[in-house]
Amino acid sequence: MTNSTNFICGRYQLDLAQAHVMGIVNVTPDSFSDGGRYASTELAVAHARKLVTEGAAILDIGGESTRPNATPVSLDEELSRVIPVIERLAAEVDVPLSIDTYKPAVMREAVNAGAAIINDIRALQEPGAIDAAAAGNAGICLMHMQGTPQTMQLEPHYDDVVQEVKRFLLKRLQTLQQAGIAAERIVLDPGFGFGKRTVHNIALLEALPELLSLGRPLLVGLSRKSILGQIVGSDVDQRLHASLAASVISAMKGASIVRVHDVKATVDALKVVNAVLTHG
Ligand code: 7PJ
């Protein structure tokens with residue numbers, strides 16, 4: 001059965017007719033503690049548990065920051081950050097775990113450790129990434145980015161941002177299907193803030209219904225991003241209300257998964273959206 005709202009991810013199947021919350025779990029060394037790897041694993045696992053009790057339908061686990069100008073992390077370092085967290089969570093929570101990586105080796109090990117979704121800001125364009133993702137039955141998020149995290153915000157340029165993002169996502173969707181990956185394993189993401197100016201981000205947010213015409217559910221990540229800071233004029237730790245507005249707009253315009261830091265508040269906001277969208 002092909003159904004544009006069914007999302008197969010590992011042993012899970014999500015019905016994305018309604019909007020779901022993906023909670024962000026960053027596994028980065030705790031700069032305020034000298035407890036090392038054990039401490040950062042414990043912190044991430046505890047945070048992830050809290051997000052599940054707050055209603056996260058998916059947890060997105062990442063070991064390398066992809067913010068503009070972030071320092072790249074080695075393969076070994078990334079593995080040693082994320083794999084222990086995935087192993088622990090796979091044994092104790094009952095929501096799909098997503099691995100936020102573009103490295104094929106991390107994809108493979110994360111899936112072996114229990115990850116059910118591969119969330120790739122490079123849309124499986126690294127050599128070997130398609131094979132790594134195709135191997136199991138993990139769900140896949142394909143995201144659009146112009147440039148690389150190191151350079152993407154220097155001079156983003158588009159003639160028609162919506163059509164260019166749409167064409168890119170369609171091409172990647174087709175390439176994956178040609179590699180034998182079922183469409184039901186794939187969700188699409190316009191990649192807010194990844195090589196985009198404010199006007200581009202706003203145009204894409206407005207045009208989510210157009211991207212939905214690609215036939216797959218949409219994932220949106222706007223939580224605490226600098227585009228919101230530019231609109232509201234607030235620092236990154238003061239963007240909750242702007243982030244909630246962005247999640248509500250995204251869901252009203254058809255996004256199925258919103259990737260956020262503030263799970264409890266977003267779950268409540270989306271309950272209101274879902275009540276309206278399913279009315280009558
Ligand atoms: C996104 C992501 C996003 C997807 C990050 C941040 C930057 N994955 N990983 N979509 N953003 N799929 O959270 O500020 O927008 S990291």
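Refer to the preceding data block for the structure.
Here goes a summary of the coordinates provided. (Residues numbered from 1 in each chain as written. Predicted model: local features only at pLDDT ≥ 70, side-chain atom pairs only at ≥ 80, totals over all residues. Heavy atoms only, no water.)

Here helix 6 (residues 198-206) has its buried residues at His200, Asn201, Leu204 and Leu205. Buried residues of helix 6, viewed axially, fall in a sector of 135°; they line one side. The exposed set on the far side of helix 6, more than 90 degrees from its buried face, consists of Val199 and Glu206. In this structure, the buried side of helix 6 is in contact with helix 5 (161-178), helix 7 (208-212), helix 8 (226-232) and helix 9 (240-252). (Buried < 20%, exposed > 50% of the residue type's maximum accessible area, 1.4 Å probe, protein only. Helix = DSSP H or I, 4+ residues; strand = E, 2+ residues; numbered from the N terminus. Arc of directions from axis to C-beta. Contact = heavy atoms within 4.5 Å.)

Where nonpolar side chains cluster on the molecular surface, the patch consists of Met252, Val272, Val276 and Leu277 and spans about 370 Å² of accessible area. Within the fold, Met252 resides in helix 9. (Patch = residues over 30% accessible without salt bridge, like charges linked within 9 Å, V, L, I, M, F, W, Y side chains within 5 Å. Areas by Shrake-Rupley, 256 points an atom, 1.4 Å probe, with all protein chains shown as cover. Salt bridge = Lys/Arg side-chain N within 4 Å of Asp/Glu carboxyl O.)

Further remarks concern the site of the ligand. The full set of residues close to the ligand is Thr66, Arg67, Asp100, Asn119, Cys141, Met143, Asp189, Phe194, Leu219, Gly221, Lys225 and Arg259. One nitrogen or oxygen atom from the side chain of Lys225 is found 2.6 Å from an oxygen atom belonging to the ligand. Here the ligand, which alone exposes 390 Å², has 94% of that area covered by the protein. By residue class, the composition of the shell around the ligand is four nonpolar, three polar and five charged. (Near = heavy atom within 4 Å. Polar contact = N/O pair within 3.5 Å; in protein donor to acceptor, adjacent residues only side chain to side chain. Nonpolar A, V, L, I, M, F, W, Y, C, P; charged D, E, K, R; others polar.)

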